[in-house]
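Each chain, written out:
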Amino acid sequence: MAFAYDDQNIFAKILRGEIPNDTVLETDHSLAFRDIHPQTPDHVLVIPKGPYATYDHFALEASDAEIVDFTRTVGRIAEMLGAQPSTGGGGFRMISNAGEDAIQEVPHMHVHVLAGRPLGRILQPA
Ligand code: DGP
């Protein structure tokens, strides 16, 4: 499978330091920062630093080190937000939009971590 990546997308610019961001956590392979249009009191985007366009691109082509780092970063974000159910937090939801049907706006792989209020059911009618 040949995946394409456009390095002019806004998250690539954030990673290059061309656009500011509200960083929550940075690791060797991942960056977590607050969404500019938060949908919940806590709305953090977690992105890999590598050039992956969608979740499937990342899942199929990233190195084990990148995937472990990314997954741990999501866990650390849940911890930092106080959202972990295991420690009395209210929980959280992860969403990764990929492609047209999911209305992915930024073509750099990202996971939304949403927390801070009850989130309702996973999908509303289209
Ligand atoms: P998606 O539809 O899954 O591609 O969501 C992209 C998200 O990115 C959307 O919730 C708004 C957010 N976003 C877009 N531009 C910027 C930006 O320049 N900075 C930050 N922090 N978030 C952005």
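That block above? That's the structure.
The rules behind each value
- Residues numbered from 1 in each chain as written.
- Predicted model: local features only at pLDDT ≥ 70, side-chain atom pairs only at ≥ 80, totals over all residues.
- Heavy atoms only, no water.
- Helix = DSSP H or I, 4+ residues; strand = E, 2+ residues; numbered from the N terminus.
- Rg over C-alpha atoms; globule rule 2.2 N^0.38 Å.
- Buried < 20%, exposed > 50% of the residue type's maximum accessible area, 1.4 Å probe, protein only.
- Near = heavy atom within 4 Å.
- Polar contact = N/O pair within 3.5 Å; in protein donor to acceptor, adjacent residues only side chain to side chain.
- Nonpolar A, V, L, I, M, F, W, Y, C, P; charged D, E, K, R; others polar.
- Contact = heavy atoms within 4.5 Å.

What is the right way to look at the overall build of the chain in this model?
Per the secondary structure count, the chain includes three helices and five strands. Going residue by residue from the N terminus, the α and β elements of the chain occur as α-β-β-β-α-α-β-β. The C-alpha radius of gyration of the chain comes to 14 Å, within 12% of the 14 Å expected for a compact globule of 126 residues. Across its three principal axes, the chain shows a C-alpha extent of roughly 40 × 35 × 30 Å. Scored against the burial criterion, the 126 residues of the chain give a buried share of 37%.

Just checking my understanding: could you explain the site of the ligand for this structure?
Taken together, 15 residues lie around the ligand, and D35, N97, E105, H110 and H112 are the ones closest in. Within the side chain of D35, a nitrogen or oxygen atom sits 2.5 Å from an oxygen atom of the ligand. Side-chain polar atom of H112 to an oxygen atom of the ligand: 2.8 Å apart, as the coordinates give it. Residue assignment for the shell around the ligand shows that the elements contributing at least two residues are helix 1 (10–15) and strand 2 (30–34). Here the element with the most residues in the shell around the ligand is helix 1; it accounts for three residues. Grouping the constituent residues of the shell around the ligand by class yields eight nonpolar, four polar and three charged.

I'm lost on the environment of S96 in this one. Help?
With respect to the element layout, S96 can be found in the loop between strand 4 (92–95) and strand 5 (111–115). Taking the C-alpha atoms as reference, S96 lies 19 Å from N21; in sequence the two are 75 residues apart. Residues contacting S96, with those up to four places away along its chain left out, are Y55, H110 and V111. A polar side-chain atom of S96 sits 2.8 Å from the main-chain carbonyl oxygen of H110.

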